[in-house]
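# Descriptive structure summary
Spelled out, the chains give:
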Amino acid sequence: MTVETLDDDVRTSVRGGIGRITLDRPRAMNALTHPMVVRVDGALDEWRGDPDVQAVLIDGAGERGLCAGGDIKMFHASALGDGRAAIDFWTAEYRMNAQLAAYPKPVVALMSGAVLGGGVGISAHCRHRVVTETTSIGMPEVGIGFVPDVGGTWLLGRAPGELGLYLALTGQPVGPGDALLCGLADTFVRSSELLALRAAPDAMTLLDAVEKPVGDRPAAPLADQRHWIDECFAEPSAGEIVRALRGHPGVEAKAAADLIETRSPEAVQLTLLAVRHARTLPSLPAALAAELAVSIASLARPDFVEGIRAQVIDKDRTPRWTPSSLDDVDVAQLTDRFAAWVAAADERQFQR
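About the cut-offs
Residues numbered from 1 in each chain as written. Predicted model: local features only at pLDDT ≥ 70, side-chain atom pairs only at ≥ 80, totals over all residues. Heavy atoms only, no water. Helix = DSSP H or I, 4+ residues; strand = E, 2+ residues; numbered from the N terminus. Expected span 1.5 Å × (residues − 1). Buried < 20%, exposed > 50% of the residue type's maximum accessible area, 1.4 Å probe, protein only. Arc of directions from axis to C-beta. Contact = heavy atoms within 4.5 Å. Core = buried A, V, L, I, M, F, W, Y, C linked by side-chain atoms within 4.5 Å.

Another point: helix H16 (residues 331-343). Compared with the 18 Å implied by 1.5 Å per residue over 13 residues, the 18 Å span of H16 between its first and last C-alpha is a close match. Burial in H16 covers these residues: Leu 334, Phe 338, Trp 341 and Val 342. Projected down its long axis, H16 carries its buried residues within an arc of 85 degrees, all on one side. Looking at H16, the residues exposed on the side facing more than 90 degrees away from the buried face are Ala 332, Asp 336 and Ala 343. Buried residues belonging to H16 abut helix H13 (265-279) and helix H14 (284-298).

Shown next, in the form of structure tokens:
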């Protein structure tokens, strides 16, 4: 049986026991809109009890990547208005993330090319996460005055040692080997093999292909840098982390410090709080609820609007952060505000 639907920049079909979801905005690097999220979540709902669907395959159209995140310009406009569009989008997106993580049938995500922000949310919670030599995966939110969401704090909080904090505070994307190392992916295949995966005639063939042991595992540069990452990123505050990085003799540590200091100082400190908080939580729904609370609060923070303006609207790449440096962040006050935001978080809306 083959059933195909084209709707809201998402193509869905059922063929050979596989429910197929293709994000289809290649000119926008398959960035997610609210209708796209609703369509994906709806397809998953529809297939959950369908005996004709034994597995789900998620990929992205075009050559540039699975998904570059959410519709950033919408967030900017919403933050300048009443915030409702952003809140509605996040709520729907996080419900989709939670459904993917708890889905009763195997879900395979093909994470080739750029997989950023919301792209991580639609793939890294799946049961089978496939990367190729073209994969570049990251949570770059601190660069727009925001914090990792879509369950990113949950994923990064569970990476080995302090690797998750390194990725979160620098916003640095990594390749396939480091994605495997950090627990963001499971299987490596050459991009030349993707066509065969997409054309798998049935669910058994698809799952056999992705469940086989990884062959030649790609290099993971961060594996050789764990000593300074684990040491420096264990410091209690973002400012102290940067000072520890600058005091380390390695050039990689100093480069990480340089990168962090280009990011929103308040967002960096909030991200540190959020990832460490996620480590204490019992479940992904709890982490998503906390992320939603922080995301909503971010709509009123000047760095969120300013970061998007500088990176996406005016594209001058010179954000004017408030405050302008990590040493000017009132860590105690921000910690109290963060605690108040997450105390009101309600995880029940993300229990699927």
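Membership of the largest hydrophobic core comes to 90 residues, with the highest contact counts inside it found for Ile 21, Leu 23, Val 56, Trp 90, Phe 233, Leu 245 and Phe 304. Ranked by the residues each element gives to this core, the list is headed by helix H3 (residues 84-102), at nine residues. When neighbours within four sequence positions are excluded, Leu 23 is seen to be in contact with Asp 9, Val 10, Asn 30, Leu 32, Met 36, Val 40, Asp 59, Gly 60, Ala 61, Leu 66, Cys 67 and Ile 122. Counting residues in each nonpolar core, the second largest holds 14 residues, with Val 130, Ala 200, Ala 203 and Val 210 among its members.

Before going further, it helps to examine unusual backbone geometry. For the bond running from Thr 322 to Pro 323, omega is -5 degrees, close enough to zero to count as cis. Note on placement: Pro 323 falls in the loop between helix H15 (302-313) and H16. Unusually for a residue other than glycine, Val 150 sits at a positive phi of about 50 degrees. As for its placement among the helices and strands, Val 150 is situated in the loop between strand S8 (136-138) and helix H5 (152-157).

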